[in-house]
Amino acid sequence: MNYSVKNIYGKTNNNKVTVSVPGSKSITARALLLAALAEGTSTLYGAQFSDDCQTFIECLKALKISVEVDGTTVKVTGCGGRLSIKEASLNVGSAGTAARFLPAFLAFQKGKFTLNCSEQMKSRPQAPLINALKSVGAKFTFLEKENSYPFIIEGTDSPETYAEVDVTKSSQYLSAVLMSAVCAKKPFTVKPVGSHGNDYINMTLDMMWSFGVTVEDKDGKYIVDGGYLPKKYDIEPDVSAACYFYAINKILGTNIEVRGIMPHSMQGDIKFINLLKNFNGGKVDMGSFSDQALTLAAIAPYLESPTEICNVAHIRRQECDRINAMAVNLKAMNVKCEEREDGIKIYPSAPKPAHINTFGDHRVAMSFALTGLRSDGIVIENAEVCKKTFKNYFTVLDGVVKDITAK
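Keep in mind the model is a prediction, meaning the values are calculated, not measured.

Asker: Can you walk me through the overall build of the protein in this structure?
Answerer: Within the protein one finds 13 helices and 21 strands. The C-alpha atoms of the protein give a radius of gyration of 21 Å, which matches the 22 Å a tight globule of 407 residues would have. Projecting the C-alpha coordinates of the protein onto the three principal axes gives extents of approximately 65 × 40 × 40 Å. Looking at the 407 residues of the protein, the share that counts as buried comes to 59%. If you take every contact in the protein between residues at least 6 apart in sequence, the share linking residues at least 24 apart comes to 73%. Of the roughly 15800 Å² that the protein leaves accessible, carbon and sulfur atoms contribute 45%.

Asker: Explain the side chain of S118 to me, please; I cannot follow it from the model alone.
Answerer: By secondary structure assignment, the location of S118 is in the loop between β7 (111–116) and α4 (119–122). Not counting chain neighbours up to four residues away, the residues in contact with S118 comprise N91, G93 and S94.

Asker: How should the pattern of salt bridges be read in this particular structure?
Answerer: Opposite charge on two side chains allows them to pair when their charged atoms are near. With the rule as written, the count across this model stands at 18 salt bridges. A salt bridge links D199 to K271, with the shortest nitrogen-to-oxygen separation between them at 2.8 Å. Of this pair, D199 sits in helix α7 (residues 199–210) while K271 sits in helix α9 (residues 270–276), and the two are 72 residues apart along the sequence. The class for D199 is buried, based on a relative accessible area of 19%. Judged by its relative accessible area of 33%, K271 falls in the partly exposed class. Taking the shortest distance from any N to any O, the salt bridge between E319 and R322 comes out at 2.9 Å. Taking relative accessible area as the criterion, E319 reaches 9% and is therefore assigned buried. The exposure class of R322 is buried, given its relative accessible area of 2%. Bridged by salt links that share partners, the residues K25, D52, R124, D291, E319, R322, D361, R363 and K388 form one connected network.

Asker: I keep staring at the sheet that holds strand β11 (residues 188–193) and nothing clicks. Help me out?
Answerer: Backbone-to-backbone hydrogen bonds pair the strands of a sheet. The strands run either parallel or antiparallel. The strand order β10-β11-β13-β12 describes an open sheet built from four strands, whose pairing is mixed. Strands with a single pairing partner mark the edges of an open sheet, and in this sheet they are β10 (162–166) and β12 (216–218). Recorded for the sheet is a direction-independent mean angle of 25 degrees between the axes of neighbouring strands. The pairing of β11 with strand β13 (residues 221–224) spans three bridges and is classified as antiparallel. Across the sheet, F188 pairs through a bridge with V224, a residue of β13. Contacts from helix α5 (residues 127–136) reach β10 and β11, with the element oriented near 170 degrees to β10.

Asker: Hey, could you run me through the state of the cysteines in this one?
Answerer: Disulfides are covalent bonds that connect the sulfur atoms of two cysteines. Throughout the structure, instances matching the rule amount to zero disulfides. Just so you know, C183 is unpaired, no disulfide at all, and the nearest cysteine sulfur is the one on C79, 6.5 Å from it. Overall, the relative accessible area of 1% leaves C183 in the buried class. In this structure C243 is not part of a disulfide, and its nearest cysteine sulfur, from C386, lies 16 Å away. Residue classification places C243 among the buried residues on the basis of a relative accessible area of 0%.

Asker: Would you take a moment to explain empty space enclosed by the protein for this structure?
Answerer: Rolled over the atoms, a probe sized like a water molecule indicates the empty space that remains. For the structure shown, the criterion picks out two cavities of 30 Å³ or more. Considering the residues around the largest cavity, the lining is formed by 39 residues, among which S170, Q172, Y200, D291 and Q318 are closest to the centre. In terms of residue class, the lining of the largest cavity is made up of six nonpolar, 19 polar and 14 charged. A volume near 40 Å³ is recorded for the second largest cavity. Residue lining of the second largest cavity: D238, S240, A241, Y244, R363, M366, T389 and F390, and that is the complete set. Sorting the residues of the lining of the second largest cavity by element identifies α8 (239–252) and α12 (362–372) as the ones contributing at least two each. With three residues, the single largest contributor to the lining of the second largest cavity is α8.

Calculation criteria
- Residues numbered from 1 in each chain as written.
- Predicted model: local features only at pLDDT ≥ 70, side-chain atom pairs only at ≥ 80, totals over all residues.
- Heavy atoms only, no water.
- Helix = DSSP H or I, 4+ residues; strand = E, 2+ residues; numbered from the N terminus.
- Rg over C-alpha atoms; globule rule 2.2 N^0.38 Å.
- Buried < 20%, exposed > 50% of the residue type's maximum accessible area, 1.4 Å probe, protein only.
- Contact = heavy atoms within 4.5 Å.
- Areas by Shrake-Rupley, 256 points an atom, 1.4 Å probe, with all protein chains shown as cover.
- Salt bridge = Lys/Arg side-chain N within 4 Å of Asp/Glu carboxyl O.
- Pairing = 2+ DSSP bridges.
- Axes fitted to C-alpha atoms, helices over the stretch in contact; angles between N-to-C directions.
- Disulfide = S-S within 2.5 Å.
- 1 Å grid on protein atoms, 1.4 Å probe; cavity = no way out; pocket = protein on both sides within 12 Å on 5 of 7 lines; lining within 4 Å.
- Points joined across faces, edges and corners; volume = space filled by probe spheres on them.
- Nonpolar A, V, L, I, M, F, W, Y, C, P; charged D, E, K, R; others polar.

That's the geometry; what it means functionally is another story.
Shown next as structure tokens:
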């Protein structure tokens, strides 16, 4: 479907509006895996049910992990780190967390598992994780392209107890190995190589601690030991989803708050909400909260000074080349911008009517809807791609627009 954005600039009131967003995708995926690895039944409250998280649940079920869903509550009966089956076929679709977290889990299981995916996932980088899992003892048979999905993984229940993980392209590789290292059933050392933001690693470590495993950080290496305990766990609202509504406040002067967002959230994108308080253009390193690079790009034309987003080269390899998607759509709206290898510079402009090419990327669709709230004629093509993480985003946005323009 195409979504025509309403220009409501100058038509808003100053009434306080409170919005609810889904649970955090990042926390939901981690909680699902930790609960699956625990010995006993965990209950997760406030889970997200986007396409990505639903895919994760279906993969766990294919591995004979019991998962019961009741609204936003999920009960998971874990396997204690050892699967009851030796063979299964999974499809991770376009879910990045499932695509990284599940192979790490399966690398520590004695058996042979086939992992399929969407066309989009076939082009996303997997080599750093695969290389780490090979060093543990897992074997891979690639069904199409080397070091890429789809593949067959043969795991081992007698793994090596040391792995190096290159985090340059994504910290998810390290999170994946850390969480599943308990399956080794003995102390396991993980050494990160390269550099990346630590926010998501800290989230992983905090959640592992919540489920009963304390990770020792020693001389730049992580030592994992112990096993997960079943847990009743509350999942935070998704700060990534909340950011769109705080960005609306920035460009429209509205008073929207998102229910349940805490100033000390474990989610790295809280940095974006804090940035917005005083930011009106300038150079900003978004390496540690890069999911919001598109959001900032979408509102940058309305800021007082040029905005330079840098250190986000890795987002060229996500659902689409996100830096290029920014440039293509900004230029379509006649917004002056300069695409760089690791980011983009955007100048204050008056956007013109345009159709936004979402490139199949949920964040492109959700971000550029914000631009249209202050400019005529912005149409989001294939807006339904938002279902990957926030399936009713445009319905919620319609509700917000109605509330902030009510007399």
